[in-house]
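Structural overview for review
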Amino acid sequence: MNTNKETGRFGEDLAVDWLIARGDRILHRNWRHSYYEIDIVTMRNGILCFIEVKTRKSLFYGMPEEAVTTTKIKRLMCAGSAYLLKYPEIIRIQYDILSIILCEKGNAEFFLIEDVSL
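Residues numbered from 1 in each chain as written. Predicted model: local features only at pLDDT ≥ 70, side-chain atom pairs only at ≥ 80, totals over all residues. Heavy atoms only, no water.

Concerning the sheet that holds strand β5 (residues 108–113)
If you walk across this open sheet you meet the five strands as β1-β2-β3-β4-β5, and the pairing is mixed. Each of the sheet's edge strands pairs with one partner strand only, and the pair in question is β1 (25–33) and β5. Between one strand axis and the next, the sheet turns by 30° as a mean value, whatever way the strands run. In the sheet, β1 pairs with strand β2 (residues 36–44) via seven bridges, with the strands oriented antiparallel. (Pairing = 2+ DSSP bridges. Helix = DSSP H or I, 4+ residues; strand = E, 2+ residues; numbered from the N terminus. Axes fitted to C-alpha atoms, helices over the stretch in contact; angles between N-to-C directions.)

Digging into unusual backbone geometry
Phi angles above zero are rare outside glycine, and N30 is one such case at about 50°. Locating N30 in the fold gives a position in strand β1. Phi angles above zero are rare outside glycine, and D115 is one such case at about 60°. By the secondary structure assignment, D115 is in the segment after β5.

Some details on the pairing of β5
Note that strand β4 (residues 93–102) and β5 share six bridges and pair antiparallel. The partner of S99 across the bridge, within β5, is F111. Between β4 and β5, which pair antiparallel and follow one another directly, the connecting turn spans five residues, one of which, G106, has a positive phi of 85°.

Regarding the packing of aromatic side chains
Summed over the entire model, instances satisfying the criterion amount to seven aromatic pairs. Judged by centre distance (5.1 Å) and plane angle (5°), the rings of W18 and F110 are stacked. Of the two residues, W18 sits in helix α1 (residues 4–22) while F110 sits in strand β5, which places them 92 residues apart along the sequence. Relative accessible area serves as the criterion here: at 23%, W18 is assigned to the partly exposed category. With a centroid separation of 4.9 Å and 90° between ring planes, the pair formed by F60 and Y61 is classed as edge-to-face. (Phe/Tyr/Trp six-rings, centres within 6.5 Å; stacked < 30°, edge-to-face > 60°. Buried < 20%, exposed > 50% of the residue type's maximum accessible area, 1.4 Å probe, protein only.)

Notes on the environment of I90
Along the polypeptide, I90 turns up in the loop between α2 (70–86) and β4. Between the C-alpha atom of I90 and that of G11, which follows or precedes it by 79 residues, the distance is 27 Å. Setting aside its immediate chain neighbours within four residues, I90 contacts M43, L48 and L84. (Contact = heavy atoms within 4.5 Å.)

Section: the side chain of D24
Examined against the element boundaries, D24 turns out to sit in the loop between α1 and β1. Among the polar contacts made by the side chain of D24, one reaches the side chain of R44 at a distance of 3.0 Å. The contact partners of D24, leaving out residues within four places of it in the chain, are L19, T42, M43 and R44. (Polar contact = N/O pair within 3.5 Å; in protein donor to acceptor, adjacent residues only side chain to side chain.)

Spelled out as structure tokens, the structure:
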């Protein structure tokens with residue numbers, strides 16, 4: 001993996017597998033509206049989850065979840081609002097951050113922060 005985009009795509013693939021193993025039902029990947037994007041949309045225990053995935057190959061620049069700024073969360077929430085306009089039957093929602101650290105031997109560490117807000 002040479003570029004940040006490749007690392008991000010790889011991380012999202014890992015995230016989908018990890019979320020499915022936890023029991024989430026994947027509804028969308030890279031859902032877009034205008035210039036907003038939601039990395040992964042899942043259904044978990046009757047709750048619609050909008051998930052921002054951050055993947056890092058090293059901790060040189062800090063933990064992956066530290067890269068999710070207030071601006072990014074606001075954009076995720078705007079995207080979530082647009083999603084709800086398209087699918088108004090959804091009642092319960094939450095915004096999550098899934099942090100992935102790629103380890104040397106091909107393993108990955110996952111850290112899910114559920115129900116973030118501003």
